[in-house]
Amino acid sequence: MYTSKIAGLGAYVPENIVTNDDLSKMMDTNDAWIQERTGIKERRHIKKGDGNSTAKMGVKAAKIALERAGLTPKDIDLIVFATLSPDYYFPGCGVQVQEMLDMRTIPALDVRNQCSGFVYAISTADQFIKTGMYKNVLVIGSENHSGGLDMTTRSRNVSVIFGDGAGAAVLTKAANDEGGILSTHLHSEGEHAMELSLEGPSTERWVPEIIAENPQENIPYYPYMNGQFVFKNAVVRFAEVINEGLEANGLTAKDINMLIPHQANLRISQFVQKQFRLSDDQVYNNIQKYGNTTAASIPIALTEAWEEGKINKGDLVVLAAFGSGFTWGSAIIRW
Ligand code: UT7
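What counts and what doesn't
- Residues numbered from 1 in each chain as written.
- Predicted model: local features only at pLDDT ≥ 70, side-chain atom pairs only at ≥ 80, totals over all residues.
- Heavy atoms only, no water.
- Helix = DSSP H or I, 4+ residues; strand = E, 2+ residues; numbered from the N terminus.
- Buried < 20%, exposed > 50% of the residue type's maximum accessible area, 1.4 Å probe, protein only.
- Contact = heavy atoms within 4.5 Å.
- Areas by Shrake-Rupley, 256 points an atom, 1.4 Å probe, with all protein chains shown as cover.
- Lys, Arg positive; Asp, Glu negative; His and termini not counted.
- Charge placed at Lys NZ, Arg CZ, Asp CG, Glu CD.
- Domains from an automatic or database assignment.
- Buried area = accessible area lost by both parts, 1.4 Å probe.
- Salt bridge = Lys/Arg side-chain N within 4 Å of Asp/Glu carboxyl O.
- Nonpolar A, V, L, I, M, F, W, Y, C, P; charged D, E, K, R; others polar.
- Pairing = 2+ DSSP bridges.
- Axes fitted to C-alpha atoms, helices over the stretch in contact; angles between N-to-C directions.
- Phe/Tyr/Trp six-rings, centres within 6.5 Å; stacked < 30°, edge-to-face > 60°.
- Lys NZ or Arg CZ within 6 Å of the ring centre and 35° of its normal.
- Polar contact = N/O pair within 3.5 Å; in protein donor to acceptor, adjacent residues only side chain to side chain.

Moving on to the overall build of the protein chain. Looking only at helices and strands, the protein chain has 11 helices and 13 strands in total. A buried classification covers 54% of the 335 residues belonging to the protein chain. A sequence separation of at least 24 residues applies to 77% of the contacts in the protein chain between residues at least 6 apart. When the accessible area of the protein chain is evaluated, it comes to approximately 14700 Å², of which 51% is carbon and sulfur surface. Of the charged side chains in the protein chain, 31 are positive and 39 negative; the average position of the first set lies 4 Å away from that of the second.

Where interface size is quoted, it is often the accessible area lost as the parts come together. Entries for the protein chain in the domain assignment read domain 1 (3-178) and domain 2 (181-334). Once you take the C-alpha centre of each, domain 1 and domain 2 turn out to be 14 Å apart. Of the residues lining the interface, 54 residues belong to domain 1; the matching set on domain 2 comes to 50 residues. Interface area lost by domain 1 to domain 2 is led by Cys-115, Val-119 and Tyr-120, which between them contribute 15%. Seen at the junction of domain 1 and domain 2, the total is 1 salt bridge. Elements that contribute at least two residues to the side of domain 1 that touches domain 2 include exactly strand 1 (4-12), helix 2 (31-38), strand 3 (42-44), helix 5 (117-130), strand 6 (136-143), helix 6 (156-159) and strand 7 (165-173). Top contributing element to the side of domain 1 that touches domain 2 by residue count: helix 5, with 8 residues. Class assignment of the residues belonging to the side of domain 1 that touches domain 2 gives a composition of 20 nonpolar, 21 polar and 13 charged.

Our next topic: the sheet that holds strand 11 (residues 258-261). With mixed pairing, 4 strands are arranged side by side in an open sheet as 8-13-12-11. In the strand order of this sheet, the two ends are held by strand 8 (180-188) and strand 11, each with one partner. Shown here is a sheet whose adjacent strand axes are inclined to one another by a mean of 10 degrees, direction ignored. Of the strand pairs in this sheet, strand 12 (residues 316-323) and strand 13 (residues 327-334) are connected by 8 bridges, and their pairing is antiparallel. The partner of Val-317 across the bridge, within strand 13, is Ile-333.

This part takes up the packing of aromatic side chains. Think of a pair of aromatic rings as described by two things: how far the centres are apart, and how the planes are tilted against each other in angle. A full pass over the atoms with the stated rule returns 5 aromatic pairs. In this structure, Lys-173 packs its charged tip against the face of Tyr-2, placed 4.4 Å from the ring centre.

The next point concerns the side chain of Ser-197. Residue placement: Ser-197 occurs in strand 9 (residues 196-197). Residue Ser-197 is classed as buried on the basis of its relative accessible area, which comes to 14%. A polar contact of 3.0 Å, which involves the side chain of Ser-197, links it to the backbone oxygen of Met-194. For Ser-197, the contacting residues outside a window of four places in its chain are Tyr-222, Pro-223 and Tyr-224.

Now for the pattern of salt bridges. Tallied over the entire structure, the rule returns 12 salt bridges. Among the ionic pairs, Lys-5 bridges to Glu-178, the shortest N-O distance being 2.7 Å. Placement of the pair is Lys-5 in strand 1 and Glu-178 in the loop between strand 7 and strand 8, with a sequence separation of 173 residues. For Lys-5, a relative accessible area of 24% translates into the label partly exposed. A relative accessible area of 25% means that Glu-178 is categorised as partly exposed.

This is the structure we're talking about:
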């Protein structure tokens, strides 16, 4: 068995900043409510014509990650692309990246695990490297939420929290004594699948059928979230899966140098921080600037923490996520 390590990180967010005050002009909301309940001050939204899409933002983040890894697209053996907002219903974004970066005819895999997508994608990449099947894997998390949100008061509990952006990591085979990804831990509970979901369009309910049923309504096309139920499950599952990862490696919370939680809500991160008695320096949050970017939130946060010099060689870095599915997971990394 081999070990994989993160050799390069990159992130990209669209230039267009949307503040809470901007949102309050579109729906009945306000800066005080959004900051108090979520910690978010602003987020980025793709602007029509700015040349961005989920796949294109992923490519921008990937180019930075590849350069930092000292690799070219031709060195990559597999693409794993995590998103809930692909450019097309099919095909997936992975093949678009393969084409845009002019890569070899390598496999491209799309992961559909929403907020846990990046942790699932890292785990997938790690398994391929562990077995020796591949040496270099490009992992991307990217979301274009703004194109699909209902920006009216009806969906204000959902629409104020999500933002657009992309992050990428290049995983590569580590040398024997170098550390790397120690373990990953993944879970799901489909019983709660519809508590955070978007029904249509889907093959379960074809578009004409939905339109016939709801001639005046377009609700099935917009995300639905039972916010409080999701929140309550999130805080429990975050703690469980972080503990599971630490225990699997004979570690405790005291060993954590940096926790990068999925940026779902600042209150969730603060709750988890308290549970594990971590200091502000041991938990990285940037939801204030970007909102919840789902599969992109961990790689954007990880990239920024690394760029700010907050992650150093030998550090124990923990990634943890929870979201729609429900799905959740953690990755324990010796940097
Ligand atoms: O990333 C994937 C996982 N997602 C999450 O982890 C999200 C978890 N959930 C949450 O973060 C929170 O549930 C939210 C931030 C989404 C909502 O906060 P909440 O404290 O659960 O609010 P709520 O939905 O229970 O609504 C409380 C009140 C309601 O008004 P009434 O009925 O008390 O009069 C809402 O209508 O706040 C109202 N409200 C708003 N008011 C102003 C809901 N959204 C807004 C808004 N602006 N944007």
